[in-house]
Amino acid sequence: MEQFNPPSDLKTEKAVLGLTIIHPDLVNLLLEKINSKDFYDLRNEIVFRAIVSLNQDNIPIDFTTLINKIDSMGQLDNIGGSSYLTSLVDEQYYSANYEAYLDIIKEKSVLRQLLSYGDNIINEVRTGKHSSEELIGNFSEKLFKMSEFDNKDGLVKVEDIVSETFAYIAEIALNDGSLTGVTTGFRDLDTQLSGLQNSDFILLAARPSVGKTALGIHMGLNAALAGKKVAVFSLEMSKRQILQRIISILSKVELQDIIAGNIEEQDWALLYNTTETLNNLDLYIDDTASISLTELRAKSKRLKLESGLDLIVIDYLQLMTSEVGRNENRQQEISNISRGLKALAKELNIPVLALSQLSRKSEERTNKRPMLSDLRESGAIEQDADVVMMLYRDDYYDEDAEEQNIIEINVAKHRNGPTGTRKLFFKKENTAFYDLGYDYDQPE
């Protein structure tokens, strides 16, 4: 049986190191593109580590300084003595091909990593210690980190992105400078945020029963009504329950009547009228309970590739699971999830709107309006989020409150814009929201 050798190109590895010794000005390009583990030959890895050490100490790189550094590292015998360094500069290599040489080394390194991951999975499957979901999660996380390296563009001169940026400014100017992202469907909130922005990770947080699910669904519906492709991941409610709420919002038939089947004759016409609207929406619902970050990411990426995707809505973050870090505490697991959702928003270049539970801290204060510190497992979530919106209703705590059915949306964090509070009217009968002053009793 023919022996299989892992992917490598020893001649190119030597070429890169030899050119770096002859042309020390290439060292920064080398260190930007390559790390020590990318070398297959241990001798080349040792030489590379010596180059890194000299560079960090601001010592010029040449044959003599390298010999001294490798000797001080106690590695001279391991590379075969000074004669090995001599062999690196003996060959005729071309500095014009330097970047191509680096790409070859990186490609071989990635192939070896994939081979190693494959071997690890085979071994894990044989031991039977982990579930398929855990194995997929671990493998996906490693692949994601590898792809992150490939996506690094490095420093870009302003001149190279001026035209692209001005084209973007011209495009958003067509919207009168107001709505540059995905609409929430609510005038005042869109003014505050300029819409939900691409690559933003957005939190909509509240105590239970305040209305975060209702508002999240209504935002997703409004985006879909505006022609956007929206994916709703509901970890708590079924697809049917979500659709019942959407039908209630569109038809204005009370949700409880729809759930109980208490439909008056005149209401049937209103319900049937929503059918055509619903059939024309690019709105997708997934009700997988306790969905993992890996599964959510895979489903979202597939939808983006096959049909397009403009917005993700998740109800709600604390019900998600993360295979990576499963043996860690819940706070660390939530950190992995929030970091992964932010990465997904950047990768797909769309907004990700995640609903989040607030702790009971706010209810222990005289002023029960929530603060950022009330986010459950708050540290990482608050740090990762680009926008944090927190909901509050006076009548949630006081049935006789002066403001009835008015929900405050406090934009407590806005990485790229102003913070502040906006208000909406909450029509509980339909779990629907409206801008203040809107005549919601009139037909659409």
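This one's a predicted model, so the numbers in the text were calculated from it and none came from an experiment.

A.B. asks: Hey, could you go over the sheet that holds strand E2 (residues 230–234) for me, with residue numbers and the actual values?
C.D. replies: Reading across the sheet, the 9 strands line up as E3-E2-E4-E5-E1-E6-E7-E8-E9 and stay open at both edges, with mixed pairing between neighbours. Every interior strand has two partners, whereas the edge strands, strand E3 (283–286) and strand E9 (432–435), have only one. Each adjacent strand pair in this sheet contributes to an overall mean axis angle of 25°, direction not counted. Sheet analysis places strand E8 (residues 420–427) next to E9, joined by 4 bridges and oriented antiparallel. When the sheet's bridge partners are listed, leucine 424 is paired in E9 with aspartate 435. Against the sheet, helix H10 (residues 212–225) makes contact with strand E1 (201–206), E2, E3, strand E4 (311–315), strand E5 (352–357), strand E6 (387–393), strand E7 (406–414), E8 and E9, and its axis sits at roughly 170° relative to E5, the strand it touches most.

A.B. asks: Which residues make up the packing of aromatic side chains, and what values do they have?
C.D. replies: A full pass over the atoms with the stated rule returns 3 aromatic pairs. A centroid spacing of 5.2 Å and a plane angle of 45° characterise the contact between phenylalanine 39 and phenylalanine 48, whose relative ring orientation is tilted. For phenylalanine 48, a relative accessible area of 4% puts it in the buried group. For the pair phenylalanine 426 and phenylalanine 433, a centre-to-centre distance of 4.5 Å together with 10° between the ring planes defines the contact as stacked.

A.B. asks: How would you sum up the packing of helix H3 (residues 42–56) against helix H5 (residues 82–90)? Please name residues and give values.
C.D. replies: The geometry of H3 relative to H5 is characterised by a closest axis approach of 12 Å and an angle of 90° between their N-to-C directions. For the element pair H3 / H5, the angle class is roughly perpendicular. Facing H3, whose interface residues are Arg43, Asn44 and Val47, H5 presents Tyr84, Leu85 and Leu88.

A.B. asks: Requested: an account of helix H1 (residues 10–22), with residues and values cited.
C.D. replies: The α-helix advances 3.6 residues per turn, and as a result positions three or four apart in sequence lie on the same side. With 13 residues, H1 extends 18 Å from end C-alpha to end C-alpha; this agrees with the ideal 18 Å at 1.5 Å per step. The set of residues buried in H1 consists of Thr12, Glu13, Ala15, Val16, Leu17, Gly18, Leu19, Thr20 and Ile21. If you follow the buried residues of H1, they end up packed against helix H2 (27–33), H3, helix H4 (63–72), H5 and helix H6 (98–127).

A.B. asks: Go over the confidence of the model for the chain with me, naming the residues and quoting the values.
C.D. replies: Here the chain shows a mean pLDDT of 82. Residues at 70 or above account for 88%. Within the chain, the lowest mean pLDDT, 65, falls on helix H8 (residues 162–173), and the highest, 93, falls on E4.

A.B. asks: Can you tell me about a nonpolar patch on the surface, naming the residues and giving the values?
C.D. replies: A grouping of Leu111, Leu114 and Leu143 is seen on the molecular surface, where their side chains present a nonpolar patch of about 200 Å² in accessible area. Summarising the element assignment, leucine 114 is placed in helix H6. On the basis of relative accessible area, leucine 114 is assigned to the partly exposed category, the value being 34%.

A.B. asks: Can you break down the pattern of salt bridges residue by residue, with the values?
C.D. replies: For the structure shown, the criterion picks out 17 salt bridges. Of the charged contacts in the structure, one is a salt bridge between lysine 301 and glutamate 347, with a shortest N-O distance of 2.9 Å. With a gap of 46 residues between them, lysine 301 in helix H14 (residues 293–306) and glutamate 347 in helix H15 (residues 330–348) connect regions that are remote in the sequence. Accessibility expressed as a relative area gives 32% for lysine 301, which makes it partly exposed. Here aspartate 395 ties to lysine 428 by a salt bridge, and the two come within 3.9 Å at their closest N and O atoms. Highlighted residues: aspartate 395 in helix H17 (residues 394–397) and lysine 428 in the loop between E8 and E9, separated in sequence by 33 residues. Residue aspartate 395 is classed as buried on the basis of its relative accessible area, which comes to 7%. Owing to a relative accessible area of 41%, lysine 428 belongs among the partly exposed residues under this scheme.

A.B. asks: I'd love a proper account of helix H13 (residues 265–279), names of residues and values included.
C.D. replies: Restricting attention to buried positions, one finds in H13 the residues Asp267, Leu271, Thr274 and Leu278. For H13, the angular spread of the buried residues around the axis is 55°, confining them to a single face. H13 presents Glu265, Gln266, Tyr272, Asn273, Glu276 and Asn279 as exposed residues on the side facing more than 90 degrees away from its buried surface. At its buried positions, H13 is contacted by helix H11 (239–251) and helix H12 (255–260).

A.B. asks: Outline the side chain of glutamate 13, supporting the account with residue identities and numerical values.
C.D. replies: Looking at the element boundaries, glutamate 13 is found in helix H1. For the buried residue glutamate 13, which engages in no salt bridge, the nearest side chain bearing the opposite charge is arginine 112, 4.7 Å off. Of the polar contacts made by the side chain of glutamate 13, one reaches the backbone nitrogen of tyrosine 40; its length is 2.7 Å. Glutamate 13 has contacts with Asp38, Phe39, Tyr40, Asp41, Asn44 and Ile105, leaving out every residue within four places of it along the chain.

A.B. asks: Please set out unusual backbone geometry residue by residue, giving values where relevant.
C.D. replies: For the peptide bond that leads from aspartate 315 to tyrosine 316, omega is -5°, which places it in the cis range. Looking at the secondary structure, you find tyrosine 316 in the loop between E4 and H15. In this model, asparagine 349 sits at a positive phi of 55°, which is unusual for a non-glycine residue. Structurally, the position occupied by asparagine 349 is in the loop between H15 and E5.

What counts and how
- Residues numbered from 1 in each chain as written.
- Predicted model: local features only at pLDDT ≥ 70, side-chain atom pairs only at ≥ 80, totals over all residues.
- Heavy atoms only, no water.
- Pairing = 2+ DSSP bridges.
- Helix = DSSP H or I, 4+ residues; strand = E, 2+ residues; numbered from the N terminus.
- Axes fitted to C-alpha atoms, helices over the stretch in contact; angles between N-to-C directions.
- Contact = heavy atoms within 4.5 Å.
- Phe/Tyr/Trp six-rings, centres within 6.5 Å; stacked < 30°, edge-to-face > 60°.
- Buried < 20%, exposed > 50% of the residue type's maximum accessible area, 1.4 Å probe, protein only.
- Parallel < 35°, antiparallel > 145°, perpendicular 65-115°, else oblique.
- Expected span 1.5 Å × (residues − 1).
- pLDDT = per-residue confidence, 0-100.
- Patch = residues over 30% accessible without salt bridge, like charges linked within 9 Å, V, L, I, M, F, W, Y side chains within 5 Å.
- Areas by Shrake-Rupley, 256 points an atom, 1.4 Å probe, with all protein chains shown as cover.
- Salt bridge = Lys/Arg side-chain N within 4 Å of Asp/Glu carboxyl O.
- Arc of directions from axis to C-beta.
- Lys, Arg positive; Asp, Glu negative; His and termini not counted.
- Polar contact = N/O pair within 3.5 Å; in protein donor to acceptor, adjacent residues only side chain to side chain.

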